Amino acid sequence: MKKILSAFALATLALSAQAQEVKVGIGISGWTGFAPLTLAKEAGLFKKNGLDVSIKKIPQKDRHLAIASGDIQCAATTVETWIVWNANGVATTQIFQLDKSFGADGMVVKPGISKISDLKGKTVAASAPGTAPYFTLAWMLKKNGLSIKDVNVVNLEPQAAANALIAGAGNLDAGMTYEPFLSAVRAKPEAGKILATTLDYPMVMDTFGCTPKFLAENPKAAKALADSYFEALAMIKAEPKKSFEIMGADVKQSAEAFEKSQAFLRWQDREANKKFFAGEHAQFSKEAAELLLEVGIIKAIPDLSKLADTRFIQ
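In this text, all values refer to a predicted model and were calculated from it rather than measured experimentally.

## Thoughts on the sheet that holds strand S9 (residues 193–197)
- Spatially, the five strands line up as an open sheet ordered S7-S6-S8-S5-S9, and their pairing is mixed. Two strands close off the open sheet at either side, each with one partner strand: strand S7 (152–155) and S9. Each neighbouring strand pair of the sheet contributes to a mean axis angle of 30°, computed without reference to strand direction.
- By the bridge criterion, two bridges tie strand S6 (residues 123–126) to strand S8 (residues 174–178) in an arrangement that is parallel.

Listed below in structure tokens is the structure:
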């Protein structure tokens, strides 16, 4: 009888634990910097922290639509993209920083092009306006005395842009892409080269955020999301081979190939997060918002002071 009662009690506890798990839909892409979120799911870290997470691969240009429809509650994207979403009426709040690009995002060009100013009048592939690759293009052009109006932009996603340049398709002179696709160009020097990356222009940084409604209704879950991410970073340090295998598999890469691509970025731990949100986040957001306004991506700058909530990284 005791054994039956004990089994019943355990089953009840298990059901109770499941009932308490907060459901969270997260929108990401196959970008290397977001991979610790996949690791947190696959290694059971989210579940351990009381979360029932579903991760959906959604192109950056459509991620805000998934948030607006309620299909997902949270997402990973670049700092300036949150400005665009909020300016366009999709209220979202950043709660922790994921990564900083150290050469993981860049511009690839045909062999004959030697500097960014050579691109005047040329054709460049980049994701749609309002995405990180488009913004990176605008940023790099501006720093070299050009504007987005000085080039012919063809909208291609990062993987397609890299593939097209390698194949010599679409009459492209250049393309905006990121890891792991940037390394595909690096491996084919006869087809093209990497002209500039975020080592030259340190301006791609990713953060994780959710809707204000989700954060207000689920503050413990928001803290659990941040904690799970930091635990994933600890796992990468403690078990690198296993971690790279899990993260690589999600983007159809071997552990070795994934390890090489992650060398071009830095995942940001709790201490790095605190430092980032203490000043750099606000400073970069201001400069980014001014450029977004200048190139016509946004019509007005939203209240930048309300774009982040740092409670959950403490």
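## With respect to the environment of Gly-175
- Structurally, Gly-175 can be placed in strand S8.
- Distance in space between the C-alpha atoms of Gly-175 and Asp-269 is 31 Å, their sequence separation being 94 residues.
- Setting aside residues up to four positions removed in sequence, Gly-175 forms contacts with Gly-106, Met-107, Val-108, Val-124, Ala-125 and Leu-165.

## Thoughts on unusual backbone geometry
- The peptide bond linking Glu-179 to Pro-180 adopts the cis configuration, its omega dihedral lying at 10°.
- In this fold, Pro-180 is placed in the loop between S8 and helix H8 (181–186).
- Its identity as a non-glycine residue notwithstanding, Asn-171 has a phi of 55°, on the positive side.
- Relative to the elements of secondary structure, Asn-171 occurs in the loop between helix H7 (158–167) and S8.
- Since its relative accessible area comes to 69%, Asn-171 is described here as exposed.
- Of note, Lys-252 is a non-glycine position whose phi angle comes to about 55°, a positive value.
- You can see Lys-252 is positioned in the loop between helix H11 (240–250) and helix H12 (255–262).
- When its relative accessible area of 80% is taken as the criterion, Lys-252 is described as exposed.

## Considering H11
- Inspection of H11 places Ser-243, Phe-244, Met-247 and Gly-248 among the buried residues, and these make up the whole buried set. The arc that holds every buried residue of H11, seen down its axis, measures 125°, which confines them to one face. In H11, the exposed positions angled more than 90 degrees off the buried face are occupied by Lys-241 and Ala-249.
- Buried residues along H11 sit in contact with helix H2 (35–42), helix H10 (219–238), H12 and strand S11 (265–267).
- Looking one or two places after H11, you find Lys-252, whose phi comes out positive at around 55°.

Rules used throughout
- Each chain carries its own residue numbering, running from 1 in the direction its sequence is written.
- Reporting of local features is limited, given that this is a predicted model, to residues whose pLDDT is at least 70; pairs of side-chain atoms are given and counted only at 80 or more, and all residues count toward the totals for whole chains, interfaces and linings.
- Heavy atoms from the whole structure form the basis of all side-chain values; hydrogens and water molecules are not counted.
- For two strands to be treated as a pair, DSSP must find at least two bridges joining them.
- Only DSSP runs of H or I reaching four residues or more are called helices, and only runs of E reaching two or more are called strands; each is numbered from the N terminus.
- Axes here refer to lines fitted to C-alpha atoms; in helices the fit is confined to the stretch in contact. Angles between the N-to-C directions go from 0 to 180 degrees.
- Every residue pair with non-hydrogen atoms within 4.5 Å of one another is taken to be in contact.
- Throughout, exposure labels follow a simple rule: accessible area from a 1.4 Å probe, protein chains only, divided by the maximum for the residue type, with under 20% read as buried, over 50% as exposed, and the rest as partly exposed.
- What the arc measures is the spread of directions leading from the helix axis to the C-beta atoms.

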